[in-house]
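So you can see what is in the structure, the chains are spelled out below.
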Amino acid sequence: MRTIRIGTRSSQLALWQANTVAKQLEHLGHTIEIVKIDSIGDKVLDKPLYELGITGVFTKNLDIALLNEKIDISVNSFKDVPTKLPEGIVQAAVLKRGDFNDVLILKEDENFFTKKTAIIATGSLRRKAQWLYRYPNHTITGLRGNVNTRLQKLEDNDWDGAIFAMAGLKRLKLLPENEKHIKLDWMIPAPAQGAVMIAALEKNEELLEICNELNDEKTATCVKIERKFLEVLEGGCTAPIGALAMIWDDVIKFKGVLFSPDGKNKIEFYKEVEVDNATDLGEYAANYILERGGKKLMREIIVIDKDINVYSTKNLSLNQKKSLSPKIGVSMSDFIVTRSNRLKPVIVKNPIENVIITSQNAVDALLDSFIPTELNFKNIYCVGKRTKRLIERKIGKVAHVENSAEKLANYLVKNIEEKEITYFCGNKRRAELPTILSENNITLNEVVCYQTQLTPKKIEEKYNGILFYSPTGIESYLKKNTSNKSVAFCIGDTTASYAKKHFEKVVVAKLPSVESLLKSVNEYFQ
């Protein structure tokens, strides 16, 4: 019989998990070898996990060893495992879950709760957000390292307490006597907290059968729901997400929660479902939260002071944020907002020969007032490929597209026969296009279909770069900020022209898209 090589991190808790699996496999008659492999999360201990910007900081090196067949299985704390495993690696088994609760280890006693302020240590954003939601006047300080190291840091520092996973302390027999700890049964744990997962290669069917004998079905069912909830929310160690599923008499009781990073806002879901009807419970719960303000909370940025920090004057999606280099910290807020005007039916009563649309906001505004069949436009001219795609998906065929309003105006001067055009625009539209058309005796009927309002905010002067998406965004920014020495990253030439009047260094995206702008940020700071 061949030896089964178990890959594990070398921390005391990881070795406990590996040895637990080893004992169970040895009980089944197998020979075992423990192989220690350290992770990025074990080596970088001076930053919170959410600053590392890497998926699977504790499991990546084990995955590599598994794929290279240097080990046969890996043993992981399931809450550290990314929701999507690398291709070729599968979940082979989940051990029966330990205590899933978090616990507060006290420095002295509980008397600090009677004071207005306190200092609590944790390296977990989930624990930080939940603690601040309950105790907004307290201060959270970072805490990393293995369990023993963190306990020693609590002893050495002037903190009131530190938060740990109960399971880890129990497994290492390090839980202090009752008066020195408080079980935080109100704090929702991390998805799969307290569970140990075994991973193996999908192709190794014999080994998968062996590991399946260690699998606890109830635990596997519960953590599957919790991790699906996490996956749909697109969370990880960078989002304050808690989830817990428990089975009682063939009924699953599930609670999922999403917090804002500062702990000021919370969206919660709770439902009881029969086990046989719970296959999509995690996904349903996540969508419930996203539809009730979760999307906005997920966009809120965790302000991380990295070596390089940039500020976006427009909220970015999660995928857009993830496209930035992990070494770049990003903060963001909308510096302009738009509101559609109610347009009169007479505007589109008759077919219109030539139409100009220079933004996606104008498309949305038109569709707020009219249904697509009412928009009988013969020739549509637009600015930007994204605007073109939106027009063709919702209104009709685009006759011509350019990257800037100025280029479009020059094209129209040379190419249209009918010397009259209707321009659907915002109240803050640029002057270049109307000026060029007017100088060339082309009649421009302007229809202001949306209002752009400035929402300026004062920001710190720590940012290496400011991201701009329109001249109006720059105008809003300058209402409460100076142009200082930050680099202005601009989405297109029109925005860049305006930025050059106020910033010493201006970088223009190669293409007029958010993705191209973010790529230019990565390249500049490479």
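1. Some words on the sheet that holds strand β23 (residues 487-490)
The strands that make up a sheet pair up through hydrogen bonds in the backbone, lying either parallel or antiparallel.
Link 1 in the chain: Reading across from one edge, β15-β14-β22-β23-β24 is the order of the five strands in this open sheet, with parallel pairing throughout. Each end of this open sheet is capped by a strand with a single partner; those strands are β15 (328-332) and β24 (506-508). The average undirected angle you get between the axes of adjacent strands in this sheet is 25°.
Link 2 in the chain: Across three bridges, the pairing between strand β14 (residues 308-312) and strand β22 (residues 465-468) is parallel. Bridge pairing in β22 places V310 opposite G465.

2. Re the pattern of salt bridges
Where side chains of opposite charge bring their charged atoms close, a pairing between them can arise.
Link 1 in the chain: With the rule as written, the count across this model stands at 20 salt bridges.
Link 2 in the chain: Measuring nitrogen to oxygen at the nearest pair gives 3.9 Å for the salt bridge that ties K462 to E460.
Link 3 in the chain: Several salt bridges share partner residues, and in doing so they unite R9, K79 and D80 into one network.

3. Observations concerning a negative patch on the surface
Link 1 in the chain: On the surface, E87, E202, E205, E206, E209 and E213 cluster together into a patch of negative charge.
Link 2 in the chain: Structurally, E87 can be placed in the loop between β3 (73-77) and β4 (89-94).
Link 3 in the chain: Given the relative accessible area of 77%, E87 is considered exposed.

4. Topic: the environment of H138
Link 1 in the chain: Tracing the chain through its elements places H138 in the loop between α4 (125-134) and β7 (139-141).
Link 2 in the chain: Excluding residues that lie within four positions of it along the chain, H138 makes contacts with F112, F113, K116, T117, A118, I120, W131 and L132.

5. So, the packing of helix α13 (residues 405-415) against helix α14 (residues 432-439)
Link 1 in the chain: Contact geometry for α13 and α14: axes closest at 8 Å, N-to-C directions at 20°. Looking at the two axes, α13 sits roughly parallel to α14. You can see that α13 and α14 cross each other, and the crossing is right-handed. Of α14, the residues touching α13 (which contributes A405, E406, L408, A409, N410, L412 and V413) are E432, L433, I436 and L437.
Link 2 in the chain: Taken together, the residues of the contact of α13 with α14 break down into eight nonpolar, one polar and two charged.

6. As for the nonpolar core
In summary, soluble globular proteins display a tendency toward joint burial of nonpolar side chains.
Link 1 in the chain: Core analysis: the largest hydrophobic core is formed by 25 residues, its most contacted members being F229, L233, I241, I252, F254, L281 and I289.
Link 2 in the chain: For this core, the elements supplying multiple residues, two or more each, are α8 (217-232), β11 (241-248), β12 (251-259), β13 (266-274) and α9 (281-299).
Link 3 in the chain: It is α9 that provides the largest number of residues to this core, a total of seven residues.
Link 4 in the chain: For I289, the residues in contact, after removing those within four places along its chain, are F229, L233, G256, V257, L258, I267, E268, F269 and G294.
Link 5 in the chain: Counting 22 residues, the second largest nonpolar core, distinct from the first, contains L375, I380, V447 and Y450.

7. Let's talk about a positive patch on the surface
Link 1 in the chain: Together, K385, R389, R393 and K394 make up a positively charged patch on the protein surface.
Link 2 in the chain: With respect to the helices and strands, the residue K385 is situated in helix α12 (residues 385-394).
Link 3 in the chain: On the basis of relative accessible area, K385 is assigned to the exposed category, the value being 52%.

8. A look at the sheet that holds strand β6 (residues 119-121)
Link 1 in the chain: Taken in spatial order, the five strands of this open sheet run β7-β6-β8-β5-β9, and their pairing is mixed. The open sheet is flanked by β7 and β9 (181-184), the only strands paired with a single partner. When the angles between neighbouring strand axes are averaged without regard to direction, this sheet yields 30°.
Link 2 in the chain: Where α4 meets the sheet, it contacts β5 (102-106), β6, β7, β8 (161-165) and β9, and its direction lies at approximately 130° from that of β8.

9. Overview of the pairing of β15
Link 1 in the chain: Taken across its five residues, β15 has five buried, putting it largely inside the fold.
Link 2 in the chain: Across the two faces of β15 the burial is the same, with I328, V330 and M332 and G329 and S331 all buried.
Link 3 in the chain: Bridge count between β14 and β15: five bridges; the pairing is parallel. Of the residues in β15, the one forming a bridge with S312 is M332.

10. Focus: the environment of K228
Link 1 in the chain: Locating K228 in the fold gives a position in helix α8.
Link 2 in the chain: Separated by 53 residues in the primary sequence, K228 and L281 place their C-alpha atoms 8.5 Å from one another.
Link 3 in the chain: Those residues in contact with K228 that sit more than four places away from it in its chain are G282 and E283.

11. Considerations on unusual backbone geometry
Link 1 in the chain: Non-glycine residue A192 carries a positive phi angle of around 70°.
Link 2 in the chain: Position of A192 among the secondary structure elements: in the loop between β9 and β10 (196-201).
Link 3 in the chain: You will see that D249, though not glycine, has its phi angle at about 50°, which is positive.
Link 4 in the chain: Along the chain, D249 falls in the loop between β11 and β12.

The rules behind each value
- Residues numbered from 1 in each chain as written.
- Predicted model: local features only at pLDDT ≥ 70, side-chain atom pairs only at ≥ 80, totals over all residues.
- Heavy atoms only, no water.
- Pairing = 2+ DSSP bridges.
- Helix = DSSP H or I, 4+ residues; strand = E, 2+ residues; numbered from the N terminus.
- Axes fitted to C-alpha atoms, helices over the stretch in contact; angles between N-to-C directions.
- Salt bridge = Lys/Arg side-chain N within 4 Å of Asp/Glu carboxyl O.
- Patch = residues over 30% accessible without salt bridge, like charges linked within 9 Å, V, L, I, M, F, W, Y side chains within 5 Å.
- Areas by Shrake-Rupley, 256 points an atom, 1.4 Å probe, with all protein chains shown as cover.
- Lys, Arg positive; Asp, Glu negative; His and termini not counted.
- Charge placed at Lys NZ, Arg CZ, Asp CG, Glu CD.
- Buried < 20%, exposed > 50% of the residue type's maximum accessible area, 1.4 Å probe, protein only.
- Contact = heavy atoms within 4.5 Å.
- Parallel < 35°, antiparallel > 145°, perpendicular 65-115°, else oblique.
- Left-handed = near helix turned anticlockwise from the far one by under 90°.
- Nonpolar A, V, L, I, M, F, W, Y, C, P; charged D, E, K, R; others polar.
- Core = buried A, V, L, I, M, F, W, Y, C linked by side-chain atoms within 4.5 Å.

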